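Listed below are the residues making up each chain.
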Amino acid sequence: MFKIRPLLSALINQRLTLERNGGLYNFLCMMSEASRDEQTAKPLKRSNEENEDSAERAQDAKRIKAEGEQAEDEKKYPKKKVALLLAYSGKGYYGMQRNPGTTQFRTIEDDLVTALIKSGCIPENHGDEMKKMSFQRCARTDKGVSAAGQVVSLKVRLIEDIVEKINGHLPPQIKVLGLKRVTQSFNSKNNCDARTYSYMLPTVAFSPKDYDTGNIAAFRLEPETLQRANRLFALYKGTHNFHNFTSQKAPSDPSARRYITEMSCGEPFINNDTEFAVITVRGQSFMMHQIRKMIGLVIAVIKGYAKEDVLERSWGQEKVDVPKAPGLGLVLERVHFDRYNKRFGGDGLHERLEWEREGEAIRAFKEAHIYPTIVETECQEGSMVSWMSTLPVHDFEETATVTQDNKDQKQDNADVGNEAD
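Note on numbering: residues in each chain are counted from 1, in written sequence order. Per-residue local features are limited, in this predicted model, to residues with pLDDT of at least 70; the limit for side-chain atom pairs, both in listing and counting, is 80 or more; totals at the level of whole chains, interfaces and linings are taken over all residues. To get the side-chain values, all heavy atoms of the structure are used, and hydrogens and water are removed first.

### Quick notes on the nonpolar core
In terms of nonpolar packing, the biggest core is built from 101 residues, with Leu154, Phe206, Phe233 and Tyr236 touching the most fellow members. Any two residues having at least one pair of non-hydrogen atoms within 4.5 Å are treated as being in contact. Setting aside anything within four residues of it in sequence, one finds Phe206 in contact with Leu201, Phe219, Leu221, Thr225, Ala229, Phe233, Cys265, Ile279, Ile299 and Ile302. Throughout this description, the term nonpolar core refers to a set of buried Ala, Val, Leu, Ile, Met, Phe, Trp, Tyr and Cys residues connected via side-chain atoms within 4.5 Å. Relative accessible area decides the class of each residue, using a 1.4 Å probe on protein chains only: under 20% of the type maximum gives buried, over 50% gives exposed, and in between gives partly exposed.

In structure tokens, the structure reads:
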């Protein structure tokens, strides 16, 4: 019995040793497996890091290449200041000037800037900041107003066939007709001495107020009526306070004083079986809706809704209710740079900003895109006849009320027009 106890003790010790060794074995096995997993994970992590580095290197290479190409373009085609002669039909557009943040109101400049970018004339990243390209337009035409001789100034890359490439990205109703190098300090708005506009309208606008406008094609303007209209238009010549011919201008505001050098109506002509005439006005600059209201007031006098003395009263301090003719027939014909031409036109380095050589292209564009749009829209929609029906609601004898002024302001806001120059 005493011999058995040491034997059992030995067996127990041996089992404990085996269990301890087995646990150690299992632990070593687990460590070995973890080591193998870690060794397997390292190549995977290294592979992912290499892929990420490769992608970053590819992006860097692409960026460097793009910057290199841009730098090469800058070197090959350095930016130069130019003046672009632009013609457009304004129907369907909310004026000339871009309206940042209001993309639903499409403007002429929206399409022009897009074309400049796509043609490679200006960097894409400058499209939303045209000030970097020193961009300026000569006149901010209103909603629906067309132009045959608009001028914009900006810096561009002088690429080959630049005019053709720009036009290749423009819709048919907008076209660049000419390009000229100008001085680095040139600003198409500030350097402009005067602007000439035309207004094409059906002569039925000068008919008596009791005339049946159901058949405007039957109306013919009498020579005596034309003479009277031109006598009234001539009263606008000189410097007057036109605060009644725009919105939100007080009589004391110096900017309401504008200088008019010419205003007259030409001989009538037949187009699409309807008689039309063209009114021409030249002035130093114009305010928003000013020309349309100048024409609207004369029409009201000719038709018998207002007395002739209303023109004199409209330049005074009191508020006068002045009707605004439709915008359809208004066209920016030409902008004038007399002082610039006198100073730089003969220096041997810069051309005079006159566009006689482009005269035929200007006429062709007007006959193809501007005049047909005015005539067809007028004949189909009758904008002048519809506007004439609103003349009886105007009170030309009493001082305009605040209510009427607010009504006009709401209409101006609805037009989303840009102040004309």
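### Comments concerning helix α5 (residues 290-302)
The end-to-end C-alpha separation of α5 is 19 Å, in line with the 18 Å expected for 13 residues at 1.5 Å each. With 13 of 13 residues buried, α5 lies mostly within the body of the structure. Numbering goes from the N terminus for both helices and strands, where a helix is a DSSP run of H or I of at least four residues and a strand is a run of E of at least two. Just downstream of α5 lies Gly304, where phi reads positive at about 95 degrees. Multiplying 1.5 Å by the helix residue count minus one yields the expected span of that helix.

### Here we look at the side chain of Arg292
Inspection of the secondary structure assignment puts Arg292 in helix α5. By the counting rule applied here, Lys and Arg register as positive and Asp and Glu as negative, while His and the ends of each chain are not counted. What makes a salt bridge here is a side-chain nitrogen of Lys or Arg within 4 Å of a carboxyl oxygen of Asp or Glu, nothing more. Asp142 provides the closest opposite charge to the buried, unpaired Arg292, separated from it by 4.4 Å. Any pair of nitrogen or oxygen atoms within 3.5 Å is treated as a polar contact; in protein, a donor-acceptor pairing is required on top of that, and neighbouring residues in sequence qualify only through side-chain atoms on both sides. A distance of 2.8 Å separates the side chain of Arg292 from the backbone oxygen of Ala325, its partner in a polar contact. Ignoring any residue separated from it by four or fewer positions in sequence, one finds Arg292 in contact with Asp142, Pro323, Lys324, Ala325, Pro326, Gly327 and Leu330.

### A closer look at the pairing of strand β3 (residues 146-157)
Among the twelve residues of β3, eleven are classified as buried, and the element is accordingly described as predominantly covered. Taken together, the nine bridges between strand β1 (residues 79-88) and β3 define a ladder with antiparallel strand orientation. Residue pairing across strands places Val82 opposite Leu154, the latter belonging to β3. By definition, two strands form a pair when at least two bridges between them are found by DSSP. As judged from the two bridges shared by strand β2 (residues 136-137) and β3, these two strands associate in the antiparallel manner. Each residue of the ladder has a partner; that of Arg137, found in β3, is Val152.

### Some words on empty space enclosed by the protein
Every definition here rests on a 1 Å grid over the protein atoms only: cavities are sets of points where a 1.4 Å probe fits but cannot get out, pockets are open sets enclosed by protein on both sides within 12 Å along at least five of seven lines, and lining residues have some atom within 4 Å of a point. Grid points are joined across faces, edges and corners, and a volume is the space filled by probe spheres set on the points. Summed over the entire model, instances satisfying the criterion amount to three cavities of 30 Å³ or more. The calculated volume of the second largest cavity comes to roughly 40 Å³. As for the second largest cavity, its lining consists of Tyr199, Met200, Leu201, Pro202, Pro326, Leu328, Gly329, Glu378, Ser383 and Met384. For the lining of the second largest cavity, the elements supplying multiple residues, two or more each, are β5 (194-202) and α9 (383-388).

### Details of unusual backbone geometry
In this structure, Asn272 is a non-glycine residue whose phi angle is positive, near 55 degrees. Tracing the backbone through its elements, the reader meets Asn272 in the loop between β8 (269-271) and β9 (274-283). Of note, the phi angle at His289 is positive, near 70 degrees, even though the residue is not glycine. With respect to the element layout, His289 can be found in the loop between β9 and α5.

### Digging into the packing of aromatic side chains
Whether two aromatic rings pair depends on their centres lying within 6.5 Å, for rings of Phe, Tyr and Trp, where Trp uses its six-membered ring; planes under 30 degrees apart make the pair stacked, over 60 edge-to-face, and the rest tilted. Summed over the entire model, instances satisfying the criterion amount to ten aromatic pairs. Note on Phe186 and Tyr340: the rings are 5.0 Å apart at their centroids and 65 degrees apart in plane angle, and the pair reads as edge-to-face. Of this pair, Phe186 sits in the loop between β4 (174-181) and β5 while Tyr340 sits in helix α7 (residues 338-344), and the two are 154 residues apart along the sequence. Grouping residues by exposure puts Phe186 and Tyr340 together as buried. Taken together, the ring pairs in this structure connect Phe186, Phe337, Tyr340 and Phe344 into an aromatic cluster. Over the ring of Trp355 we find Lys180; its NZ or CZ atom is 4.7 Å from the centre of that ring. Note that Lys209 overlies the ring of Tyr305, its terminal NZ or CZ placed 5.3 Å from the centroid. Sitting over a ring, as applied to charges here, requires NZ of Lys or CZ of Arg to be within 6 Å of the ring centre and within 35 degrees of the ring normal.

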